Amino acid sequence: MLMFADGSVEAFETLFERHRGSVYRFARSVLADPSAAEEVLQDVFLAIVRSAKRYEPKGLFKAYLMRITRNTCLTRLEGERLRREMAAQFGRMEEPQTAAADRGDDDRLAAVRRALRRLPDRQREAVMLHAFEQMTYQQIADVLDTPINTVKTLIHRGRAALAERLNGQSTENDDGV
Amino acid sequence: MECNIDYETLAAYVAGDLDEQRVAALDAHVLDCRECSRRLRALERSDRALAELARTEPDSQTVLKVRRALANELRPTQRSAVMTLDQVAEFLQISRTELEPLIDELPAFDLGGLVRVRREKLLAWIDERERRFLRSRLHNDMAKPPREEASDV
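Each chain carries its own residue numbering, running from 1 in the written order of its sequence. By the order in which they are written, chains take letters starting at A while ligands take numbers starting at 1. Per-residue local features of the predicted model are confined to residues with pLDDT of at least 70, and side-chain atom pairs are confined, for both listing and counting, to 80 or more; whole-chain, interface and lining totals are unaffected and use all residues. Each side-chain value is worked out from all heavy atoms of the structure, with water and hydrogens disregarded.

Side note on the overall build of chain A
At step 1: Scanning chain A from N- to C-terminus turns up eight helices and zero strands.
At step 2: Accessible area is worked out with a 1.4 Å probe on protein chains only. A residue is then buried under 20% of its type maximum, exposed over 50%, and partly exposed in between. Going through the 177 residues of chain A one by one, you find that 53% of them count as buried.
At step 3: Long-range contacts, defined here as pairs at least 24 residues apart, represent 64% of the contacts in chain A between residues at least 6 apart.
At step 4: Method for areas: the Shrake-Rupley scheme with a 1.4 Å probe, in which residue coverage is limited to the protein chains shown. For chain A, the exposed surface amounts to about 8800 Å²; the carbon and sulfur share of it is 48%. Runs of E in the DSSP output that reach at least two residues are strands. Runs of H or I that reach at least four are helices, and both are numbered from the N terminus. Whether two residues touch is decided by their heavy atoms; if any such pair falls within 4.5 Å, the residues are in contact.

Considerations on a nonpolar patch on the surface
At step 1: The patches described consist of residues with a relative accessible area above 30% and no salt bridge, like charges being joined within 9 Å and nonpolar side chains (Val, Leu, Ile, Met, Phe, Trp, Tyr) within 5 Å. A side-chain nitrogen of Lys or Arg and a carboxyl oxygen of Asp or Glu constitute a salt bridge if their distance falls within 4 Å. Together, B:Val82, B:Phe109, B:Leu111 and B:Leu114 give the surface a local cluster of nonpolar side chains, amounting to about 310 Å² of exposed area.
At step 2: Structurally, the position occupied by B:Leu111 is in strand E2 (residues 108-111).

Re the packing of aromatic side chains
Residue and element names in this part refer to chain A.
At step 1: To pair, rings of Phe, Tyr and Trp, with the six-membered ring standing in for Trp, must have centres within 6.5 Å; the planes then decide the type, stacked if under 30 degrees apart, edge-to-face if over 60, and tilted in the middle. Taken as a whole and judged by the stated rule, the model has three aromatic pairs over all chains.
At step 2: For the ring pair Phe12 and Phe45, a centre distance of 6.2 Å and an interplane angle of 80° mean the geometry is edge-to-face. Taken as a pair, Phe12 in helix H2 (residues 9-30) and Phe45 in helix H3 (residues 34-51) lie far apart in primary sequence, 33 residues in all. Of the two residues, Phe12 and Phe45, both sit in the buried class.
At step 3: Between Phe61 and Tyr64, the ring centres sit 5.9 Å apart and the planes meet at 45°, which makes this aromatic pair tilted. Of this pair, Phe61 and Tyr64 are both found in helix H4 (residues 61-89), three residues apart, which corresponds to roughly one turn of the helix.
At step 4: Tyr64 gets classed as buried once you look at its relative accessible area, which sits at 17%.
At step 5: Taken together, the ring pairs in this structure connect Phe12, Phe16 and Phe45 into an aromatic cluster.

What follows is the structure, given as structure tokens:
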């Protein structure tokens, strides 16, 4: 990242190659619409390009990248929520959230994505950073700006809720921790 | 007898995040508990599903689309010291055909039959043309007859 901040386009290419999967995976599992995940991928790397000169190496680049990814996804989710609220308020039919979603997935993976999306935001994020990116508890704590013990609890609860849901049992464990 | 060990405890157990005492107690318990065995298998299955999702990658079309958008953004930072004629035309915001009549005037050099222009020389050339343009405008203005004063009548 420092090489890119110094003007090396090749360094940016390397960053994009190395991390595009992480950004896309995260967005794809958070957002119901696959095209929204594509836009997040683009927005995140555009943000990296635009902020390169201001980049200060504090900790792992991946943590920095995933913080931007998470914030970009949260902004979109908030937009979606507002849009649904507006639609409901004005009496329009709510768009089916999963109509275009999970295109290209087989049923089983689509079910896992849906189960993931039903987790409280922070549980889902902690589980994904751990399972998808093999980040340590400390690195996840940096991304989520949360104490390490909370991260452990988030992951255990998230994994527990997923296992229960995927096994056809309902669980109400949505207190956000 | 109903087992009161929940999924969350078992998830912490599998992750190795419980203290030794609890681990030892659970090691002994899960061997004989059908409910815990079932839950552990469920955890394993959902972990395998997550591992599959972890292999998700954007498809080649998505990558291409994003690359194009990023290339546009990167272009201004891609400041090579030496430019091709196509790059010169792009830099001057004219077409390659419009550049052709200007090629002899450009501060270019020959690189084994290829024409190249140094960015700094091109900027100096633009400066010079700017000065010439200003001088000619000034000269034209001075050559014009003075405007007549507006009559009050």
